[in-house]
Amino acid sequence: MAKEKDEIIIVIDPGHGASQKGAEYNGLEEKNINMTVSDAMAEELEKYEGVRVYLTHTSAEDEMSIRERAEFAKEVEADYFFCIHFNASGNHNFYGAEAWVTSYGRYYAEMKAFSEIVLQEFEEIGVYNRGVKTKLETDGTDYYGVLRRNAEFDIPAVIIEHCHMDHDEDAQFIDEEADLVNFGKMDATAVAKFLKLKSSELGVNYTDYEVVIGEEPEGKIQNDTTQPECHIEYLSYNNEEGTAAFRIAAHDEEYPILYYGYSVDGGETYSTLRRWEKGADSMEFTVSFSEYGLDGVRGVVYNAFNIGAETEPLIVEEVLNQKELLRQESLQIKDLFYESAVMAQPKSGGELYLITAGAALLAVVGVLVWYICDWRKTRKKIKELDI
C-alpha cells in the first residue's frame, strides 16, 4: 500500500519470538508479554488520525532476525520504529524502566525526546525511571542491532524496556494481562504526544503538546564507563528504638546514581536496593541494632548503567561496645535466675521448702530492682556519650 501524503507510518516490533524467548522468570516468557503489549499499542494507536500502524510480526512464535525487522520497516516506508521489550538482571536486584536509542544524529535527538515522554508515562503509575541510554560496540557502532540497522535505513528507532520482570518491585505492573495492555496504551499515548496526534474516538488532542527535541550531537554519545564514588558515615544511635543511623554519599561524573543498599556483615550480603532520590548527594538509612554485624556496616550504590561501588566497612565502636554490654548483662541475669531456681527446689523431707522458696523469691525481686536501677544508670551514661 502506497504511503499517503502527510501520513505517518509507525512500525511496532515485539521483541524476540519463537526460539528466542527473551527473559524468563516465574513462569513468564518475555516474547509473550512483548506480543501482548505490542498488540495493545497498535490497537490504541490506530484510533488516532493520520497514522498507519504495522507490526513486524503478529505471533510470539514467529522467527525474525534483526535485519529482517529493519528491512520490514524500510519496505513499508516507516517513519519511526518502536521495539517492545522487558528487562531482567543477572542477580535479580535491579528494577525500573529504561529506553535505548541510537547514539548519534537526529536518531538520538528525536528518540531521546520520545523516550523521556514514555518514561514519564510509566513514572505516573510508579515504575522507576532508569533513564535514556546509548551503548556502543568497541568499534564505535551502536551495540543494539535493531537500532543500528534502522539507522542505516534512515529510520529513528527506540528500544523500550518497560520494567524488570524478575523483581518484586515491578511484579505489580505485570501481574495480569490488563497490566500489559495498560503498558501498550501508555506507549501509544507517548507516541501520540510525541507526534502531536489527535483522536476523535478517544476524545484527545495532543496537537499543542510541547515536545522538547534537543540539538543533534556533534559526535556519538558514549555509554558510561565510570565507577561511582561513595563513602559512608555513622550518624547516631537511638536507644529507645534500638537502631543506628548512617549516611551514604555518592557521586558519578557521567550518569546519575539510581540505587543504594547496605550490608551489616561487612559486604557478605546486602539489603534490597532502594531508590536514590533524584539529584540528592546522599541518602540516610537506619539499621536495627539486632542486625548489626561485628564486621561492620557497608554501603553500595549503582548508577544508571548498573555500575556499582562499595564503601569501606565502617566499625562503630560505641555501638559494638554497647551491644556487648547488653549481652553480658543479659547473661548475668540469666545466671541469677538459674541460681534462684535451683535454690527453690524442694529439699529431702520438705521441712525447709517453704522457707527456701520464700528466700529465693525475695532474691529474684532484689535482682530485678538492682537491674532496673543499674540499667537506668547505663542509659544515662549512653545519653551523655551521645551514642
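Refer to the structure presented above.
Attention in this report is confined to the structure presented alongside it. In this numbering scheme, every chain counts its residues from 1 along its sequence in written order. Only residues with pLDDT of at least 70 get local features here, since the model is predicted, and only at 80 or more are side-chain atom pairs given and counted; chain-wide, interface and lining totals rely on the full set of residues. For side-chain calculations, the full set of non-hydrogen atoms in the structure is used, while hydrogens and water are omitted.

## Focus on the sheet that holds strand β7 (residues 129-133)
Read from one edge to the other, the open sheet built from six strands follows the order β4-β1-β5-β8-β6-β7, with strand pairing classed as mixed. Looking along the sheet, the strands with just one partner apiece sit at the ends: β4 (51-55) and β7. Here the strands of the sheet are splayed against their neighbours by 20° on average, with no regard to which way each runs. Taken together, the five bridges between strand β1 (residues 8-14) and β4 define a ladder with parallel strand orientation. Between any two strands, pairing holds if DSSP finds at least two bridges. Each helix corresponds to a stretch of at least 4 residues labelled H or I by DSSP, and each strand to a stretch of at least 2 residues labelled E; elements are numbered beginning at the N terminus. Interaxial angles span 0 to 180 degrees and are taken between N-to-C directions of axes, which are lines fitted to C-alpha atoms, for helices over the stretch in contact.

## With respect to helix α3 (residues 105-123)
Turn by turn, an α-helix covers 3.6 residues, leaving residues three or four places apart pointing in a common direction. Expected helix span is computed as 1.5 Å times (number of residues minus one). Helix length check: α3 (19 residues) gives 27 Å between terminal C-alpha atoms against 27 Å at 1.5 Å per residue, within 8%. Burial analysis of α3 places 14 of its 19 residues in the buried class, which makes it a mostly covered element. Under the scheme applied here, a residue whose accessible area is under 20% of the maximum for its type counts as buried, over 50% as exposed, and between as partly exposed, the area being computed with a 1.4 Å probe on protein chains only.

## Re the pattern of salt bridges
Only one rule defines a salt bridge in this text: a Lys or Arg side-chain nitrogen within 4 Å of an Asp or Glu carboxyl oxygen. One pass over the structure, following the stated rule, counts 17 salt bridges. The residue E44 makes a salt bridge to K47 at a minimum N-O spacing of 3.5 Å. Here K47 falls in the partly exposed class, since its relative accessible area comes to 23%. Salt bridges linked by common partners bring E98, R130 and K133 together as one network.

## Some details on the pairing of β7
The sheet contact formed by strand β6 (residues 97-101) and β7 spans three bridges and is parallel. When the bridges of β7 are listed, A97 appears paired with N129. Look down the strands so they point away from you; if going from the first strand over the helix to the second traces a clockwise path, that crossover is right-handed. This β-α-β element, β6 to α3 to β7, shows right-handed connectivity.

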